[in-house]
Amino acid sequence: MKKYILLCVLCVLCGAMKAQKIKIKTGIEVLKEQNFKCLEGKRVGLITNPTGVDNQMKSTIDILHEAPNVNLVALYGPEHGVRGDVHAGDHVTDIKDASTGLPVYSLYGKTRKATPEMLKDIDVLVYDIQDIGCRSFTYISTMGLAMEAAAENGKEFIVLDRPNPVGGLKIEGNLVEDNCISFVSQFKIPYLYGLTCGELALMLNGERMMAAQCNLHVVKMKGWKRKMDYVQTGLQWVPSSPHIPHPHSAIFYPVSGILGELGYMSIGVGYTIPFQMFAVQWVEAEKLARNLNALNVPGVVFRPMYLKPFYSVGKGELLQGVQVHIMDVQKAPLSDIQFLVMQEVAALYPDRAVFDHADKGRFRMFDMVSGSEEIRKRFSQRNRWEDVRDYWYKDAEDFRKLSKQYYLYK
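- As annotated in an unreviewed UniProt entry, the protein carries the name DUF1343 domain-containing protein and is attributed to Bacteroides oleiciplenus YIT 12058.

1. Observations regarding the pairing of strand β8 (residues 277-280)
- Side chains of β8 alternate between two faces, with M277 and A279 and F278 and V280 buried alike.
- Both β8 and strand β10 (residues 319-326) contribute to a ladder of 4 bridges, which runs antiparallel. The residue bridging A279 from the neighbouring strand is G321, located in β10.

2. Focus: the pattern of salt bridges
- For the structure shown, the criterion picks out 24 salt bridges.
- Among the salt bridges present, the one from K377 reaches E373, with a minimum N-O distance of 3.2 Å. Of this pair, K377 and E373 both sit in helix α13 (residues 373-382), 4 residues apart, which is roughly one turn of the helix.
- Residue E373 is classed as partly exposed on the basis of its relative accessible area, which comes to 23%.
- The partner of R382 in a salt bridge is D387, and the shortest N-O contact between them spans 2.8 Å.
- For R382, a relative accessible area of 48% corresponds to the partly exposed category.
- Salt bridges sharing common partners tie together R382, R384, E386 and D387.

3. Thoughts on the sheet that holds strand β4 (residues 103-106)
- What the 7 strands build is an open sheet, ordered β3-β4-β2-β1-β5-β6-β7; its pairing is mixed. With partners counted over all chains shown, the strands left at the sheet margins are β3 (95-96) and β7 (215-219), one partner each.
- Relative to strand β2 (residues 71-77), strand β1 (residues 43-48) runs parallel, the two sharing 5 bridges. Residue pairing for β2: L46 is matched across the bridge by L75.
- Relative to strand β6 (residues 156-160), helix α5 (residues 139-152) is tilted by about 155°, and along the sheet it contacts β1, β5 (124-128), β6 and β7.
- Its contacts with the sheet place helix α6 (residues 197-206) against β5, β6 and β7, and it is angled at close to 160° to β7.

4. Some points on the domain arrangement of the protein
- Assigned domains within the protein: domain 1 (27-240) and domain 2 (247-395).
- Relative placement of domain 1 and domain 2: their C-alpha centres are 30 Å apart.
- Counting residues at the interface gives 27 residues for domain 1 and 29 residues for domain 2.
- When domain 1 packs against domain 2, close to 2300 Å² is buried across both sides, 59% of that on carbon and sulfur atoms.
- There are 0 salt bridges connecting domain 1 and domain 2.
- Applying the counting criterion to the domain 1 and domain 2 interface returns 16 residue pairs in polar contact (both at pLDDT 80 or more).
- Looking at the side of domain 1 that touches domain 2 residue by residue, the classes come out as 16 nonpolar, 6 polar and 5 charged.

5. Comments concerning the packing of aromatic side chains
- A complete count under the given rule lists 17 aromatic pairs for this structure.
- Seen in terms of ring centroids, Y264 and W282 are 6.0 Å apart; in terms of plane orientation they differ by 65°. Their pairing is edge-to-face. Of this pair, Y264 sits in the loop between α8 (247-260) and β8 while W282 sits in the loop between β8 and α9 (285-293), and the two are 18 residues apart along the sequence.
- Overall, Y264 belongs to the buried group, its relative accessible area being 8%.
- Considering the side-chain rings of W282 and Y349, the 5.6 Å spacing of their centres and the 75° angle between planes classify their relative orientation as edge-to-face. With W282 in the loop between β8 and α9 and Y349 in the loop between α10 (336-348) and α11 (354-357), this residue pair connects regions lying 67 residues apart in the sequence. Note on accessibility: W282 and Y349 belong to one class, buried.
- Among the aromatic residues, ring-to-ring pairing joins Y191, F339, F355, F363, F366, F379, W385 and W392 into one connected group.

6. What to know about the nonpolar core
- Counting residues in each nonpolar core, the largest one holds 102 residues, and the members touching the most others are M143, F157 and F278.
- The two domains that each donate at least three residues to this core are domain 1 (27-240) and domain 2 (247-395).

7. Notes on the side chain of D395
- Summarising the element assignment, D395 is placed in the loop between α14 (389-392) and α15 (396-403).
- Residue class for D395 comes out buried when judged on its relative accessible area of 15%.
- When residues no more than four places from it in sequence are discounted, the contact partners of D395 are N174 and L175.

8. Concerning the side chain of D336
- Along the chain, D336 turns up in helix α10.
- One buried charged side chain, D336, makes no salt bridge at all; its nearest oppositely charged neighbour is R389, positioned 5.1 Å away.
- The residues contacting D336, other than those within four sequence positions of it, are E172, W385, W392 and Y393.

9. Remarks on the packing of α9 against α10
- Here α9 crosses α10 at 125°, and the two axes come no closer than 10 Å. Judged by the angle between their axes, α9 and α10 are oblique. Relative to α10, α9 is oriented so that their crossing is right-handed. Every residue of α10 that contacts α9 at K287, L288, N291 and L292 is listed here: L340, V341, E344, V345 and L348.

10. Regarding α5
- Taking 1.5 Å of rise per residue, the 14 residues of α5 would be expected to cover 20 Å, and the 20 Å separating its terminal C-alpha atoms lies within 8% of that figure.
- For α5, a buried count of 12 out of 14 residues is recorded, marking the element as mostly surrounded by other parts of the structure.
- Considered for burial, the residues of α5 that qualify are Y139, I140, S141, T142, M143, G144, L145, A146, M147, E148, A149 and A150.
- Those residues of α5 that are buried are in contact with β1, α4 (116-119), β5, β6, α6 and β7.
- G154, located one to two residues past α5, shows a positive phi value of around 65°.

So, how was this worked out
Residues numbered from 1 in each chain as written. Predicted model: local features only at pLDDT ≥ 70, side-chain atom pairs only at ≥ 80, totals over all residues. Heavy atoms only, no water. Buried < 20%, exposed > 50% of the residue type's maximum accessible area, 1.4 Å probe, protein only. Helix = DSSP H or I, 4+ residues; strand = E, 2+ residues; numbered from the N terminus. Pairing = 2+ DSSP bridges. Salt bridge = Lys/Arg side-chain N within 4 Å of Asp/Glu carboxyl O. Contact = heavy atoms within 4.5 Å. Axes fitted to C-alpha atoms, helices over the stretch in contact; angles between N-to-C directions. Domains from an automatic or database assignment. Buried area = accessible area lost by both parts, 1.4 Å probe. Polar contact = N/O pair within 3.5 Å; in protein donor to acceptor, adjacent residues only side chain to side chain. Nonpolar A, V, L, I, M, F, W, Y, C, P; charged D, E, K, R; others polar. Phe/Tyr/Trp six-rings, centres within 6.5 Å; stacked < 30°, edge-to-face > 60°. Core = buried A, V, L, I, M, F, W, Y, C linked by side-chain atoms within 4.5 Å. Lys, Arg positive; Asp, Glu negative; His and termini not counted. Parallel < 35°, antiparallel > 145°, perpendicular 65-115°, else oblique. Left-handed = near helix turned anticlockwise from the far one by under 90°. Expected span 1.5 Å × (residues − 1).

Spelled out as structure tokens, the structure:
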């Protein structure tokens, strides 16, 4: 009887570990179905990283390198590198790929836009990277600048499309203003823009958001719907950067990423739940959780927590704060949450208000990620989210109407 019970338990555990059935085909899968027809007879350059895989987890690099009718001649590395072996913010260097022997050109070092020398041996530049749907994540900046370089050098540009892991419906944040354009806010789009990388590429090209328009082709996915989050696709997740280890990490990134630029409190980078929490030595967890839950933020619950980060902000210190639990991602206003935390911290600890207490040397990065100096300036007057909310959302509906012209999926 005991053996039977043990067998039943093992069966249940094995069932629980079984991967969800894959429901969609990404761009690389569709390209394989088409037998790489759009690449035949062309010298191919590929911008990718470890997230560029097919449904069986095989690298797009290896797929194109092994395809008999594809001539892959060069690789191009974004932040973290082609093989994901470079730490966040560190420069990527020009090397040779150990597996294929192909030259790897860095697009995250001294050069962030491909030079004519880097492109001279190719006819078409292919982009295959899993993004996270947030403006400040640098892969879309790399894509846009590569499109610009392709246009200026007479090269075709192909996007192998992938899901937006936050879904295709959420639009949050103001458009980037001229004085805040940077590699973390390269284009005049909202903070959460609700497009796949292929749709975004079509919009950047169609709305002339770059210095030049390129010869663009998007290899569409099959089966993806706008309402899908990443888990619903059935696809496996490959960390898109060291602190985006799970598909839900992409949902939490906009919850705390802007505040995280100030180094004012831990947002979980350096602990086990990056972007999912807010904590510091001088906060009282129960009080902060109570105040935040009293706001009745749709789809969100705040739980008091206590921790010692392993590295980064608060390393080795006993911190208190809150973990953010998103109960309904469609209802939750993701980017609002960090501003509400800042508001309630200032209400509980007036002498610790964020812009009076944070490192002023980091204000510029906060502004660039926010896309406007106005967010910081308006918030710092009274430490109230209501003073900022209308400005933060002022462009959202107009952008939604404009971006719908470029939708590839329902």
